[in-house]
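# Understanding the architecture of this molecule
As a plain string of letters, each chain reads:
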There are 2 protein chains.
Amino acid sequence: MANILILGAGRSATSLISYLLKECENNNWKLRVGDYDADLAVAKTRGHACAEGFAFDIQKSLQREEEIEKADLVISMLPAKFHPVVARECLKYGVSMMTASYISDEMRTFDEEAKRKGILFLNECGLDPGIDHMSAMKVIDQIRDSGNELRAFESFTGGLLAEDPEDDNPWQYKFTWNPRNVVLAGQGIVKFIQEGMYKYIPYQKLFRRIEMIHIPGYGYFEGYANRDSLKYLDVYGLRGIDTIYRGTLRRPGFCRTWDIFVQLGATDDTYEMENVDKMTHRDFINSFLSYNPTDSVELKLAHYLNLERDGAEMHCLQWSGFFERDLVGLDSGTPAQILEHILKKKWSLHPDDRDMIVMWHKFEYMQDGMDHEIHSTMVAVGDDSENTAMSKTVGLPLAIAAKHYLMGNMDISGVHVPIRREIYTPILEELKTLGIELTEKKVK
Amino acid sequence: MANILILGAGRSATSLISYLLKECENNNWKLRVGDYDADLAVAKTRGHACAEGFAFDIQKSLQREEEIEKADLVISMLPAKFHPVVARECLKYGVSMMTASYISDEMRTFDEEAKRKGILFLNECGLDPGIDHMSAMKVIDQIRDSGNELRAFESFTGGLLAEDPEDDNPWQYKFTWNPRNVVLAGQGIVKFIQEGMYKYIPYQKLFRRIEMIHIPGYGYFEGYANRDSLKYLDVYGLRGIDTIYRGTLRRPGFCRTWDIFVQLGATDDTYEMENVDKMTHRDFINSFLSYNPTDSVELKLAHYLNLERDGAEMHCLQWSGFFERDLVGLDSGTPAQILEHILKKKWSLHPDDRDMIVMWHKFEYMQDGMDHEIHSTMVAVGDDSENTAMSKTVGLPLAIAAKHYLMGNMDISGVHVPIRREIYTPILEELKTLGIELTEKKVK
């Protein structure tokens, strides 16, 4: 009888918990779900006899030790900064651990000790990072198995809203995951390789350097580059490749509009603004524009950033209420915090909103001196604002990995990401049966 | 007989040392000049009997202690990060100290102990910070003395090149002070108050939000905003003022061209570029542009940043060699380091180049219900690349302060900047006799 401990029961843990509730019943396992909010943890266990929800505070060392000691596997859905705290207890008590977060440098240092103790720390096993690794490595391994050479790899993922003709939201976007991460996305330098040349895009140009991607059946999306594509050279074993580029998908027009906030400096998270308690939405925008006793905020903004006064971008800002004289409703904050707060007023999911995940890879390779190209595509749509596509695609890979690990089908120790066949094959195969599937198509 | 110790004998110390050599002869004082480069220190003392130049390494604690212990006053021209190291020894041995650098938070913590020991730590006593404080406070104090209220204060300084019709340098600019600081200038957020409203400019817009300033006799200059004007509210006692704005002056057209580097990301100092050892000037620019197998770097750049293909901005880059296939000549580096290295090839002063300092303040105040306005202007031109206006305007305020302090005319202890009348009055008066003078003009 195995004991599973899930830490964190927020939105992205819904599908993870649902899946494991069933598996616990089938296999006579026990599931404990801890969250800062006990009610949330209890609600998500839905009265199953095999499961218990309880109040959990990662900062309380005694509770942390007790819970982890009695578990066989810990799945941490806590904010990424807490993973090393969990990992250190896991090392102490010889307990394996899984996360959907990027491996931190600190996590990497645990590899040797985890190996010595025969436990597995599986990271980056959600959507992005997660399904992106697994689905990409599957095709890369196929190309290599055939003795061919990968020449170019591009990969894009987006967490979006499903199309809804009834909805007047001109952004066709809402917060479907951590709003703060959406607001700060893209800060820092972007690096990639194109046709053998190292390329760099600074934040101030990121949302203007987009690529158009067509997804059959779903139309066009625009992609902007993710931070450091170069680190995937080693993760995927792609040193010497001509092109490597990873990016984020948005619906057409989004990036040009988001760039307004970037150019204004409204996504800056490095300083506190003055007089926030008295600030209106309109004041917020005006604080980034030059002073003029008579010109309107709207015209100043349109002129400053070369926007059409009544164009699509200005309409998005208007729809979001940025020109209103409503109080922001915070006592203090950085520009990024204030921007997030204003956006949340219109960008929070309604109960019947359905989110949508789009993932797209492009592989170019040489075979018998000829260029070939494979596209790999996944589209997942949520049921409603609770059972989101985000929750399924983040939680189910973890849940499946947990099942296979506890059943003894994953005999690996140390710190890992799911790029090895023995990890990704069973996960991708079972995801397919759950309707989450990448379709590969040879286009050349 | 007083002993003066000058640490650092670089370009900005030339006028400081020359002035104090004379004063030491007049007053039978001793001057010791220490520099990492002993030859430089010896050369700058020019064989005067009262002075000695010697090799000095701030990292060597024994030498540091010995030298500071036997001094009555230390003038630190070292990089600002070393000032607290010097200050701690000064506290230990009860020695006063002067710098031309901004007060650091650490320096501020020494105030109480310096007061207890009756020693003076005078900071920000160069040009900017330095003469700007003194000349501004003089007018602000005059306005207050007359019982009037300052409504707006703007202040701009620029370290530039004197006009030279023989010179084909289209930038009309070279490095006349620390090149690294020029390349990184403006990074971080800019804050100021305009007509009672807090305003913020992010780096990516800074060089496009310029003001045109006319200096009678010298024509127009453009000014861009300095970092945090708000901190001057407390330094100058201006809480409640409608407008406060501090900026940097450049010749017209400079900012638009410099903005090319900002938009490209070429001033980024946060990451190391790849393959720097094989990189040409042209590669450097191209690494920030999108890939294309046939389009030229020139056309890609002009199109990306909406520049005229043969316009003034493109010409500046061409003159600086940015489109050449010359090797950069570094083994590694951040974009900012590489940019600085390329710029230095054409922006280093020739022996007969003359630099020019321009300072301009605007004061608006109410008197009897009427608006009044005073402009205060200084232009200083260097003799050659050794005796620069920068060296005079940075070094002479310090030198004069040192003389007055040692003569017993400056009876203050603790950590200070030169905003008190008893400090600024004698310095400004003597600077005037040396040809460094702010001319005040009531324009309204």
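This text follows the structure it describes.
Predicted model, so just to flag it, every value in this text is computed and none were measured.

### Section: the environment of S332 of chain A
Structurally, S332 of chain A can be placed in the loop between α14 (312-319) and α15 (335-347). Among the residues examined, S332 of chain A registers a relative accessible area of 44% and is labelled partly exposed.

### A short note on the packing of helix α3 (residues 61-69) of chain B against helix α4 (residues 83-93) of chain B
Each pair of packed helices can be described by the angle between their axes along with the distance between the axes. All names here are of chain B. Axis separation between α3 and α4 bottoms out at 9 Å; the angle between their running directions is 50°. Taken together, the axes of α3 and α4 lie oblique to each other. Every pair of crossing elements has a handedness; the one defined by α3 and α4 is right-handed. Residues R64, E65, I68 and E69 of α3 pack against V85, V86, E89, C90, K92 and Y93 of α4. The residue makeup of the contact of α3 with α4, split by class, is five nonpolar, no polar and five charged.

### Let's talk about the packing of aromatic side chains
Each aromatic ring pair is specified by the distance between its two centres and by the angle formed by the two planes. Summed over the entire model, instances satisfying the criterion amount to 46 aromatic pairs over all chains. Consider the rings of Y200 of chain A and F288 of chain B, whose centres lie 6.2 Å apart with planes at 50°: the pair is tilted. Of this pair, Y200 of chain A sits in strand β9 (residues 197-201) while F288 of chain B sits in the loop between α12 (281-286) and α13 (297-304), placing the two residues on different chains. For Y200 of chain A, a relative accessible area of 1% gives the class buried. Seen from their ring centres, W258 of chain B and F261 of chain B are 5.2 Å apart, and the 80° between their planes marks the pair as edge-to-face. Highlighted residues: W258 of chain B and F261 of chain B, both in helix α11 (residues 254-264), separated by three residues, approximately one helical turn. For the pair formed by W258 of chain B and F261 of chain B, the shared burial category is buried. Put simply, the rings of W171, Y173, F175, F254, W258, F261, F322 and W347 of chain A touch in pairs and so form one group of aromatic residues. Sitting over the face of the ring of Y102 of chain A, K231 of chain A holds its NZ or CZ atom 4.7 Å from the ring centroid. Over the face of the ring belonging to Y304 of chain A we find K205 of chain B, whose NZ or CZ atom lies 5.1 Å from the ring centre.

### Quick word on the sheet that holds strand β3 (residues 51-55) of chain B
Residue and element names in this part refer to chain B. Pairing within the open sheet is parallel, and its seven strands lie in the order β3-β2-β1-β4-β5-β6-β15. At either margin of the open sheet sits one strand with a lone partner, and together these are β3 and β15 (414-416). Taking the axes of each pair of neighbouring strands and ignoring which way they run, one obtains an average angle of 15° across the sheet. Note: strand β2 (residues 30-35) against β3, five bridges, orientation parallel. Bridge assignment links L31 to a residue of β3, and that residue is A51. Along the sheet, helix α1 (residues 14-27) makes contact with β1 (3-7), β2, β3 and β4 (73-76), crossing β2 at roughly 155°. Contacts between helix α16 (residues 389-406) and the sheet are confined to β1, β4, β5 (96-99) and β6 (120-122), with β5 contributing the most and set at about 160° to the helix.

### Some points on a nonpolar patch on the surface
Together, I210, M212 and Y220 of chain A make up a nonpolar patch on the protein surface, roughly 290 Å² of accessible area in all. Judged by its relative accessible area of 44%, M212 of chain A falls in the partly exposed class.

### Points about the relation of the copies chain A and chain B
Superposing chain A onto chain B requires a rotation of 180° together with a translation of 0.1 Å along the rotation axis, leaving an RMSD of 0.1 Å. The transformation just described matches what one would write down for a two-fold rotation axis. For chain A, the smallest separation between a C-alpha atom and the rotation axis is recorded for Q204 of chain A, amounting to 3.1 Å. The residues that chain A uses at the interface reappear at the interface of chain B in 100% of cases, marking a shared surface.

### Comments concerning the interface of chain A and chain B
Interface size is often expressed as the accessible area that is lost when the parts come together. At the junction of the two partners, chain A supplies 32 residues and chain B supplies 32 residues. Summed over both partners, the interface of chain A with chain B buries about 3000 Å², with 56% contributed by carbon and sulfur atoms. Area buried by chain A at its contact with chain B is led by Y200, E274 and Y291 of chain A, which between them contribute 22% of it. Inspection of the region where chain A meets chain B yields zero salt bridges. Across the contact surface, chain A and chain B share 14 residue pairs in polar contact (both at pLDDT 80 or more).

### A word on helix α11 (residues 254-264) of chain A
All names here are of chain A. Buried residues dominate α11, accounting for 11 of its 11 residues. Considered for burial, the residues of α11 that qualify are F254, C255, R256, T257, W258, D259, I260, F261, V262, Q263 and L264. Downstream of α11 by a residue or two, G265 has a phi angle that is positive, lying close to 90°.

### Topic: the pairing of strand β8 (residues 190-194) of chain B
Residues and elements named next belong to chain B. Counting buried residues in β8 gives four out of five residues, a clear majority hidden from the surface. Pairing geometry for β8 and strand β9 (residues 197-201), over five bridges, is antiparallel. Across the sheet, the residue bridging to K191 is Y200, located in β9. Where β8 folds back on β9, the antiparallel hairpin that results is connected by two residues, among which E195 adopts a positive phi of roughly 50°.

### Overview of the sheet that holds strand β15 (residues 414-416) of chain A
All names here are of chain A. The parallel open sheet is built from seven strands, whose spatial order is β3-β2-β1-β4-β5-β6-β15. Taken across any chain shown, the strands that pair with only one partner, and hence form the sheet edges, are β3 (51-55) and β15. Averaged over neighbouring strand pairs, the angle between their axes works out to 15° when direction is ignored. Note that strand β1 (residues 3-7) and strand β4 (residues 73-76) share four bridges and pair parallel. Within the sheet, the bridge partner assigned to L7 lies in β4 and is S76. Along the sheet, helix α2 (residues 38-45) makes contact with β2 (30-35) and β3, crossing β3 at roughly 170°.

### A word on unusual backbone geometry
In this structure, P129 of chain A follows D128 of chain A across a cis peptide bond, with omega equal to 20°. Following the sequence through the fold, P129 of chain A ends up in the loop between β6 (120-122) and α7 (131-145). Residue N306 of chain B is not a glycine yet carries a positive backbone phi of 55°. Mapped onto the elements of the fold, N306 of chain B is located in the loop between α13 and α14 (312-319).

### Examining the side chain of N226 of chain A
All names here are of chain A. Looking at the secondary structure, you find N226 in the loop between β11 (219-225) and α10 (231-235). Given a relative accessible area of 18%, N226 falls into the buried group. For N226, the side chain forms a polar contact with the side chain of T248, separated by 2.6 Å. Not counting residues up to four positions away in its chain, the partners in contact with N226 are V190, R246, G247 and T248.

### Concerning the pattern of salt bridges
Residues and elements named next belong to chain B. With the rule as written, the count across this model stands at 63 salt bridges over all chains. R421 serves as the salt-bridge partner of D145, at 2.9 Å between the closest nitrogen and oxygen. Taken together, the residues D145 in helix α7 (residues 131-145) and R421 in helix α17 (residues 421-433) connect sequence positions 276 residues apart. We classify R421 as partly exposed; its relative accessible area is 39%. Note that D269 is salt-bridged to R180, the shortest N-O span being 2.6 Å. Taken together, the residues D269 in the loop between α11 and α12 and R180 in helix α8 (residues 179-184) connect sequence positions 89 residues apart.

Cut-offs used in this document
- Every chain is numbered independently, its residues counted from 1 as its sequence is written.
- The lettering of chains begins at A and the numbering of ligands begins at 1, in the order of writing.
- Confidence filtering applies because this is a predicted model: local features only for residues at pLDDT of at least 70, side-chain atom pairs given and counted only at 80 or more, and all residues used for totals across whole chains, interfaces and linings.
- Neither water nor hydrogens contribute to the side-chain values; these are computed over all heavy atoms in the structure.
- Secondary structure follows DSSP: runs of H or I at least 4 residues long count as helices, runs of E at least 2 residues long count as strands, and numbering of each begins at the N terminus.
- Buried, partly exposed and exposed residues are distinguished by accessible area as a fraction of the type maximum, computed with a 1.4 Å probe on protein chains only: under 20%, between the cut-offs, and over 50%, respectively.
- Fitted lines through C-alpha atoms give the axes, limited to the stretch in contact for helices. The angle between two N-to-C directions lies from 0 to 180 degrees.
- Should an angle fall under 35 degrees it is taken as roughly parallel, and over 145 as roughly antiparallel, whereas 65 to 115 is taken as roughly perpendicular and any remaining angle as oblique.
- Definitions for this section: a left-handed crossing has its near helix turned counterclockwise from the far helix by less than a right angle. A right-handed crossing has that turn clockwise.
- Residue contacts are defined here by distance: any two heavy atoms, one from each residue, within 4.5 Å place the two residues in contact.
- Polarity classes work like this: nonpolar for Ala, Val, Leu, Ile, Met, Phe, Trp, Tyr, Cys and Pro, charged for Asp, Glu, Lys and Arg, and polar for all others, with Gly in that last group.
- Any Phe, Tyr or Trp ring, taking Trp's six-membered ring, that has another such ring centre within 6.5 Å forms a pair; planes under 30 degrees apart are called stacked, those over 60 apart edge-to-face, and the others tilted.
- Cation placement over rings: the criterion is NZ of Lys or CZ of Arg within 6 Å of the ring centroid and within 35° of the ring normal.
- Strands are treated as partners if at least two bridges between them are detected by DSSP.
- To count toward a patch, a residue needs a relative accessible area above 30% and no salt bridge. Like charges then connect within 9 Å, nonpolar side chains (Val, Leu, Ile, Met, Phe, Trp, Tyr) within 5 Å.
- Per-residue and other accessible areas were derived by the Shrake-Rupley procedure at a 1.4 Å probe size, with only the shown protein chains allowed to occlude residues.
- Any carboxyl oxygen of Asp or Glu that lies within 4 Å of a side-chain nitrogen of Lys or Arg is treated as forming a salt bridge with it.
- The fit set for superposing copies consists of C-alpha atoms from residues with pLDDT of at least 70 in both; the fit itself is least squares.
- The buried area of a pairing is the accessible area, by a 1.4 Å probe, that goes missing from both parts when the two are put together, added over both.
- Contacts described as polar in this section are N or O atom pairs within 3.5 Å, which, within protein, must combine one atom able to donate a hydrogen with one able to accept it, while residues neighboring in sequence count only if both atoms come from side chains.

This is a description of form; function is not addressed.
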